[in-house]
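Here are the chains, one letter per residue:
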Amino acid sequence: AWCCMLANPQNLDIASFLQSPKSSPFAIALQASKVMLVVPNRQESVYTRLWCAYEAYLAQEEGKTILIAHSSNLHQILAALRGMALAAIFG
């Protein structure tokens, strides 16, 4: 499982990692996934950040299932997390 906010340094200059966004660590990990989980915050839409919008665009273009975390779809999110955990354990 890939967690962008934990894997990419959020407060450092990562420009050298992102010379080509399509070959960035996130884009490569997203290509191998089936599901993208978006976790919004209550302050501001995640899509006001260009990188978040680009990630969603890539997921949509690649036909990924995009889940947006909120209380009414908790069972879908837990099922996706179980699947990601099993894939991480068993490959």
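Calculation notes
Residues numbered from 1 in each chain as written. Predicted model: local features only at pLDDT ≥ 70, side-chain atom pairs only at ≥ 80, totals over all residues. Heavy atoms only, no water. Helix = DSSP H or I, 4+ residues; strand = E, 2+ residues; numbered from the N terminus. Buried < 20%, exposed > 50% of the residue type's maximum accessible area, 1.4 Å probe, protein only. Contact = heavy atoms within 4.5 Å. Areas by Shrake-Rupley, 256 points an atom, 1.4 Å probe, with all protein chains shown as cover. pLDDT = per-residue confidence, 0-100. Core = buried A, V, L, I, M, F, W, Y, C linked by side-chain atoms within 4.5 Å. Expected span 1.5 Å × (residues − 1).

Some points on the overall build of the chain
Part 1 of the reasoning: Along the backbone of the chain there are four helices and two strands.
Part 2 of the reasoning: In sequence order, the secondary structure elements of the chain are arranged as α-α-β-α-β-α.
Part 3 of the reasoning: Counting all 91 residues of the chain, 22% fall into the buried class.
Part 4 of the reasoning: Considering only contacts within the chain whose residues lie at least 6 apart along the sequence, 58% involve residues at least 24 apart.
Part 5 of the reasoning: Surface exposure of the chain reaches about 6,700 Å², of which carbon and sulfur atoms provide 61%.

Concerning the confidence of the model for the chain
Part 1 of the reasoning: Looking at the chain, pLDDT values average 79 and 82% of them are 70 or higher.
Part 2 of the reasoning: Summarising per-element confidence for the chain, the mean pLDDT is lowest in helix α1 (residues 4-7) (63) and highest in helix α3 (residues 50-61) (87).

Remarks on the nonpolar core
Part 1 of the reasoning: One finds F26, A27, L30, M36, V38, V46, C52, L58 and A59 forming the largest nonpolar core, which totals nine residues.
Part 2 of the reasoning: Elements supplying a minimum of two residues to this core: α2 (25-32), β1 (35-38) and α3.
Part 3 of the reasoning: Leave out the neighbours within four places in its chain, and A59 touches L30, M36, K64 and I66.

Describing the environment of K22
Part 1 of the reasoning: Looking at the secondary structure, you find K22 in the loop between α1 and α2.
Part 2 of the reasoning: The partly exposed category is assigned to K22, whose relative accessible area is 44%.
Part 3 of the reasoning: Taking the C-alpha atoms as reference, K22 lies 9.8 Å from E55; in sequence the two are 33 residues apart.
Part 4 of the reasoning: Apart from the residues lying within four places of it in its own chain, the contact partners of K22 are A27, Q31, Y54, L58 and E62.

Some details on helix α4 (residues 74-90)
Part 1 of the reasoning: End to end, α4 covers 24 Å across 17 residues, agreeing with the expected 24 Å (1.5 Å per residue, within 8%).
Part 2 of the reasoning: Positioned one or two residues after α4, G91 has a phi angle of 85 degrees, which is positive.

Points about the environment of N41
Part 1 of the reasoning: Along the chain, the position of N41 falls in the loop between β1 and α3.
Part 2 of the reasoning: Its relative accessible area of 43% is what places N41 among the partly exposed residues.

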